[in-house]
Amino acid sequence: MMQPSMASSRLQAVFHRSGKMLAVLPSIAAGLPRRPDGGMLLVLLCVAPPVVEESIVQAFGFTSAAGLAPAASATPVLGVFHDLRWLFVYHDSWPTFVAEALAAVLLRSAFVVAVARVMWPDGTGRPPLRDTFRYMATFTMATMVVLTPWAIVAMAASATSLSWFVLGEVVPVLFLVLVLCRGGIVRQWWRGLPTPGALLWSFLGFLAMTASALAITSAPGLWTILIAGVAGAVNAWLWKGLVRSVVSAPVRWRWFPSVPAAFLVGAVALLYLTHAASTGGGFRLGGGQQQAIARVQAAVPGKTVMFVAGYGSTYRPPDTPDPSPSTAVTAESWAPGARLSVPVRYSYRGLAPDGEPLGYNRGATHQSIATAAALLHLQVQDAARRTGRPVAVVAQSEGTLIVHTYLALYPHLHVSDVVLLSPLVRPGRVYFPPAGAESGWGIAAGWVLRGMLTVARWAGSDIISHADEPFVRSIVDHGPFFRNTMLCPSPGVRSIVFMPNVAGAVVPPDTASRIPIRVMPGLHATLLGEKGIDTRIAAFLRGEDVGSPPDTAFRLTQRAAAAWEAPALAVSVNNAWPVGDDLPDASFAHDGDICAVPLDAYRLPGQ
C-alpha cells in the first residue's frame, strides 16, 4: 500500500491531471433540460461525491475499491448501503464507530435533503427545511438498521471470498432499494406502496450503479475519475426522475407499513440464506462427485489421488453405521486407502491406527487451518509410504486453504500436483478482533456478525458454529497471507485452478494469478458434479495443459460485481497483522510480482 506522504503528493497530482478531463462534465450537465428548478445545481451536487471519492481511491492506489465511488451520490438506499460498507470496515474502536456512524447519518441526510429541495416540482407543497431534514435523518438511521445485515454479508464475502454470500446479498438489497425508494423524500415514507414510476427509477439506479462499476474497473488510470463524474451526472438524472415520481404521484395503500414489512422480509431472507447453507448449499459431497474422483484415480494409475473436501463436509468410512442418514455423506465408493486402485480421502480427524481415514462430521471442518494442514501433512506422508507413488491432491473450497497452508508450512516432496476446485481466491480482505478485544478494526462488525449467527442458530442453522470458530479466525487473523498468495504456485508442484463462473462475483477485477485457471459453468463447490470435470483433472495430472484465461463473461462479472463488494482493509493499517511496512497488498496497486515476496514476510497460520 502507498504510504500517506506519497499518497498526499499523488493526490495533488491526481486532482491537477484530472482537471482537464473533468472539464467535459459541464457539457454533460448542459445536456440535461435547463429548468428554473436547478438542474445544473443538481448535477454538481451528484458529480462531486463520486469524483472526490474516486480521486482519493486512485491517489492511494486502492484499485479494488474503485467501483464503489458512483454509489456516493446514488439514490437513498444505495447511498446508505455504500456508507455502511465503508463504515463497518474502517473503524478501529467503538468511539470511532459511533462518531463515523453519526457523521454518515448527518452527511447522507444533508445530501438527500439538498437534492430533494433542488428538484422539488413546482406547484406542490414543499415542507420546511427542518422537517425535511428530520424525515431524512430518521429514514437514514432506519435504513442503516435494515441494511446492516447485508453490509455484514458483503464483509463476509470479502473475508471468505465465497460467492454464495455475494449472491445472497444482492437480491435482498435490490428488494430494499425498491421498497424503500420513497425514503426521506416525503413525510410518510415508512408506509404505503411505492408508485410504479418510483420503482422504475430505483431499479434504473440499481442498474446504473452496476454499470458504472463495470465501466470504472475497465478503464485505465485517471479515466476512472472522468467515468465517476459521468456516473454522478447519471445519478442526477435518476434523482430528478425519482423525486418527481415520489412527490407528484398519489400514494397507494397508505395504511400499509411497507418499511416494517421490508424489515421482516429481509430477516426471513437472511434466515433462509443461512438455513439453505446449513442444509447443503453445495458443500455436501454426493455420489456423483465421489465417482468423479474415482474416475480420476483410474485414469492416472501412476499417482495417488487424495481428495480434500470443503467446509461443512462429512465422511463416513465404508461399513460404518450412519447415525444421521439425513445429513451424513456415505462413502460406499471409497475403499480403504491402502488399495492402489482407489483415491484416498483426507480426514479432518486424522488416521485410524490401521492407517485408514477416520470418519468426521461437520464440526470437524471448523478447526483451525493450521491444525488441518498438520493432519494433511501426516496423511500425505502416509499415502506416499503405503502406495509408493507421488500424491496428487485435489482440494475443494476450504480444502484449498488447507492445501495452500500445508505447502507453505511443510516439506512436500511427495506432492506432484495440486488441483484447486472452487478455491477461495482472495479471502482475508477484512478484519474483526476476537470477542474479548476492547478495540480493533471492524470491532462493531464482529459483534453484529456474532449476533446474526446467534439468531441463525436459534432458527436451526448450524453451518457456522460462531464467528470466532478456529477456521474463521484462521482466515481473519492471517488475512495478508491468504489475500496475497492464494494464486501463487509452490516450488516443485504443478498447480491448476478450476473455478465456477459465478466466482466472478467475488473475485476482484484486479486479481492476478500465477496459476493456470480454467473457468467452468457451475456454482461454488459443485464442479465435481459437472460433466467432463474428471476428464480435465485427469488430463492435467497426466501433464497436459488444460488451463485457459477466464473468458469475457467471467471478467465482466468481476467488474460489475465490484459495485457490491465491501472495501478491503489495508494491510498496513492493521496492527493485528504483523507484517513489514514494505509488504505489498493485493488489494492496492503494487510494483513487481506479489508472488515473489518470500513466505517468511508473512505470519503464517500456526505461527
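What you are looking at is a predicted structure, and each value in this text was computed from that prediction instead of being measured. (Residues numbered from 1 in each chain as written. Predicted model: local features only at pLDDT ≥ 70, side-chain atom pairs only at ≥ 80, totals over all residues. Heavy atoms only, no water.)

K.L.:
With reference to specific residues and values, describe the packing of helix H5 (residues 94-118) against helix H6 (residues 129-160).
P.N.:
In the contact formed by H5 and H6, the axes pass within 9 Å of each other and the chain directions differ by 130°. When the axes of H5 and H6 are compared, the pair comes out oblique. Handedness of the H5/H6 crossing: right-handed. Contact residues: H5 offers Ala101, Ala104, Val105, Leu106, Arg108, Ser109, Ala110, Val112, Val113 and Arg117, while H6 offers Leu129, Thr132, Phe133, Met136, Ala137, Thr140, Met141 and Met144. Residue composition of the contact of H5 with H6, by class: 13 nonpolar, three polar and two charged. (Axes fitted to C-alpha atoms, helices over the stretch in contact; angles between N-to-C directions. Helix = DSSP H or I, 4+ residues; strand = E, 2+ residues; numbered from the N terminus. Parallel < 35°, antiparallel > 145°, perpendicular 65-115°, else oblique. Left-handed = near helix turned anticlockwise from the far one by under 90°. Contact = heavy atoms within 4.5 Å. Nonpolar A, V, L, I, M, F, W, Y, C, P; charged D, E, K, R; others polar.)

K.L.:
Give me the lowdown on the layout of surface pockets, citing residues and values where you can.
P.N.:
Volume-wise, the second largest pocket comes out at about 750 Å³. As for the second largest pocket, its lining consists of 21 residues, and the residues nearest its centre are Glu53, Ile56, His82, Asp83 and Trp86. Counting residues per element, the ones that place at least two in the lining of the second largest pocket are helix H3 (39-59), helix H4 (76-89) and H5. With six residues, H5 is the single largest residue contributor to the lining of the second largest pocket. Here the lining of the second largest pocket is composed, by residue class, of 16 nonpolar, one polar and four charged. (1 Å grid on protein atoms, 1.4 Å probe; cavity = no way out; pocket = protein on both sides within 12 Å on 5 of 7 lines; lining within 4 Å. Points joined across faces, edges and corners; volume = space filled by probe spheres on them.)

K.L.:
Before we move on, could you go through the environment of Val296 and cite the residues and values that matter?
P.N.:
Structurally, Val296 is set in helix H11 (residues 287-299). Each C-alpha atom, one on Val296 and one on Val394, is 9.9 Å from the other, the two residues being 98 residues apart in sequence. In contact with Val296, not counting residues within four places along its chain, are Val305, Asp534, Ile537, Ala538 and Leu541.

K.L.:
So what about the nonpolar core? Which residues, and what values?
P.N.:
Core analysis: the largest hydrophobic core is formed by 167 residues, its most contacted members being Phe498 and Ile537. It is H6 that provides the largest number of residues to this core, a total of 15 residues. Within the second largest apolar cluster, seven residues are counted, among which are Ala198, Trp201, Leu242 and Val246. (Core = buried A, V, L, I, M, F, W, Y, C linked by side-chain atoms within 4.5 Å. Buried < 20%, exposed > 50% of the residue type's maximum accessible area, 1.4 Å probe, protein only.)

K.L.:
Go over unusual backbone geometry, please, and point to the residues and values.
P.N.:
Across the chain, the bulk of peptide bonds are trans and the bulk of non-glycine residues have phi less than zero. Positive phi is not limited to glycine here, since Ser422 has a value of about 50°. For Ala525, which is not a glycine, the phi torsion comes out positive at approximately 65°. On the secondary structure map, Ala525 appears in the loop between strand E6 (517-520) and helix H17 (533-541).

K.L.:
Could you give an account of the state of the cysteines, naming the residues involved and the relevant values?
P.N.:
A full pass over the atoms with the stated rule returns one disulfide. A sulfur-sulfur separation of 2.0 Å characterises the disulfide bridge that pairs Cys488 with Cys595. Taking the sign of the S-S torsion, -85° for the link of Cys488 and Cys595, the bridge is left-handed. Here the residue Cys488 occupies a position in the loop between helix H16 (479-485) and strand E5 (494-500), and Cys595 occupies one in the segment after helix H18 (552-561), the gap between them amounting to 107 residues. (Disulfide = S-S within 2.5 Å.)

Interpretation in functional terms is not warranted from these geometric data alone.
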